[in-house]
Amino acid sequence: VILVASVLNYSEIFSIDTKEKRYHQHLEAQAKAPCVDHAADEFCTHLPLITINTGGTEIPGMRIIENVEHAGFTTTPDGADRITAKINVFDSETKNNHPTDTPDVSSEMTIHVRGNSSRFFDKLGYKIKLIDENGENNPQKLIGMDAHHEWALHGPYLDKTLIRNYMWYNIAGECMDYAPNVRFCELILNGEYQGVYVLTELISEGDNGARLDLDVNVKDNTYTGYLLRLDRYNSTSEDWLNSLTTYTYRNDTELKLEIEYPGITKLTDELRESIKDDFSAFEKALYSYDYNNKKYGYRNYIDTMSFVDYLLINEFTVNYDAGAYSTYIYKDLSNKFKLCVWDYNNSCDNYQEESMIQVQHFEMQNKLWFIMLTKDKDFIETVISRYRELRSNGGVLSEEYLLNYIDETIEYLGPAIDRNFEKWGYSFNDDTLLFPAERNLHSYNEAVSQLKNFIIERGRWMDDNIEALRQYSAESKVKKYNEVND
């Protein structure tokens, strides 16, 4: 297997800023004048607009519930898990968008319902794959994002603010090498308005600098990177990676580590075995007595700052699915493992269950890989130092920055918020979404206040308690894990 070596260590990466500027739609989209030249009943929006036409066919992938238990997902009458449909994207930079305009992008596509718990909600999310007339991939630039054929349409429903995924992907993108790019839009499905959506890049490989810089050569069984996903156990075993933490049962038996890229069509037995050995080498170093040894330990395998920032962003937002469900780890041309954020719909006290969402709590030190990383004093000190930097005046985790971010994003969405809740406003009367019932929010203003109050309380508590993380690397606690020098 051929891998490209990195010439930078983690401290050098920390000090050198090579990141491209992150695009924040709410700040950089051009202001548009009121629209006066269309019919009074025509739909008109300042946001990008997406229309999807399935010809009336129901989109498969919705949960089937039998006797209060999950019993699978809907399919087409012939058993298919997706259908072919038509998508149009309207994205004028200077004028409002209407479904009667000439689309900026028009394509055939396949579509199915995506998500886990979100499939229970009335407002569904979708995965789309753009295809041409021959059914081949049809990469297109959508709403200013780099060309690709696979996208997710996230429909905020449980998140009454509508902004959590948009906000935290962008915050992560300011810190980390890569976080999925996102754009707000409004969706019309088969002529019916569906509300505000967030068009999202999927975590995958891309060409010419788009998404992750990964490549595989099936003919030669070589790669310059791969993508893994830690998630709930599923019945498909072709892409399971039985690495060290799996067969030693350090990995929770509910979870499976899967090879996300290369996909099944490119994943040969030789590649799978090579990736397993390569990733296991990192895990062996991490779970050895030499875990913090500069010559043999984990630092030789990972981009440390990627793990530091991942820990801090998910800890700050109390996004404790991270490190377990929908957890993406990849190796790119840098030849170092990095983490990529995903799914903030439940963050900031928005889990349906009231468990481990307390403001006064640290949890990431209990997650796979971080269990060992946080035993290293140098790692903990880097976490503390990085936190202070991100919380400093003007830092992306500072209270002023985050509260302004919320206000400015809401201002940008403007009348689209009201349109969304004309469609989905009845959800404010549903006290079964969050448990216990008193946690449910009954207006948009309440939802925004809850998010702001959480950020204020969480940040101030972490300001006072971040040094408490040192307990996890205290000599008295980690002595049995450290290298034997006798």
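Everything quoted here is computed from the prediction, not taken from an experiment.

J.: Can you walk me through the overall build of the protein in this structure?
T.: Each helix and strand counted, the protein has 12 helices and 17 strands in total. A compact globule built from 486 residues would reach a C-alpha radius of gyration of about 23 Å, and the protein, at 23 Å, matches this within 12%. With the C-alpha coordinates of the protein rotated into their principal frame, the extents come out at 85 × 55 × 50 Å. Scored against the burial criterion, the 486 residues of the protein give a buried share of 54%. Counted over contacts in the protein with a minimum sequence separation of 6, partners at least 24 positions apart contribute 71%. If you sum the accessible surface of the protein, you get close to 22,000 Å²; carbon and sulfur atoms cover 46% of it. When the 49 positive and 80 negative side-chain charges of the protein are each reduced to one mean point, those points stand 5 Å apart.

J.: What's the story with the sheet that holds strand E15 (residues 255-261) in this structure? I'm lost.
T.: Strands sit in the order E15-E14-E16-E17 across an open sheet of 4 strands; the sheet is antiparallel. Looking along the sheet, the strands with just one partner apiece sit at the ends: E15 and strand E17 (337-340). Between one strand axis and the next, the sheet turns through 25° on average, direction left out of account. Bridge count for strand E16 (residues 327-331) against E17 is 4 bridges, and the pairing is antiparallel. Looking across to E17, one finds that isoleucine 329 is bridged to leucine 339. On top of the sheet, helix H5 (residues 269-286) reaches strand E14 (226-232), E15, E16 and E17; it is set at about 75° to E14, its chief contact. Relative to E17, helix H6 (residues 304-316) is tilted by about 25°, and along the sheet it contacts E16 and E17.

J.: Can you help me understand the confidence of the model for the protein in this one?
T.: Detailed reading of predicted coordinates is not advised where the pLDDT is low. In this model, the protein carries a mean pLDDT of 90, and residues with pLDDT of at least 70 account for 92%. pLDDT under 50 marks residues 1-17. Its contacts with residues more than four places away, or in other chains, come to 29 contacts.

J.: Mind showing me how you'd approach the pattern of salt bridges here?
T.: Throughout the structure, instances matching the rule amount to 26 salt bridges. Between arginine 386 and glutamate 389 there is a salt bridge, with its nearest N and O atoms 3.0 Å apart. Of this pair, arginine 386 and glutamate 389 both sit in helix H8 (residues 377-391), 3 residues apart, which is roughly one turn of the helix. Taking relative accessible area as the criterion, arginine 386 reaches 9% and is therefore assigned buried.

What counts, and where the lines are drawn
Residues numbered from 1 in each chain as written. Predicted model: local features only at pLDDT ≥ 70, side-chain atom pairs only at ≥ 80, totals over all residues. Heavy atoms only, no water. Helix = DSSP H or I, 4+ residues; strand = E, 2+ residues; numbered from the N terminus. Rg over C-alpha atoms; globule rule 2.2 N^0.38 Å. Buried < 20%, exposed > 50% of the residue type's maximum accessible area, 1.4 Å probe, protein only. Contact = heavy atoms within 4.5 Å. Areas by Shrake-Rupley, 256 points an atom, 1.4 Å probe, with all protein chains shown as cover. Lys, Arg positive; Asp, Glu negative; His and termini not counted. Charge placed at Lys NZ, Arg CZ, Asp CG, Glu CD. Pairing = 2+ DSSP bridges. Axes fitted to C-alpha atoms, helices over the stretch in contact; angles between N-to-C directions. pLDDT = per-residue confidence, 0-100. Salt bridge = Lys/Arg side-chain N within 4 Å of Asp/Glu carboxyl O.

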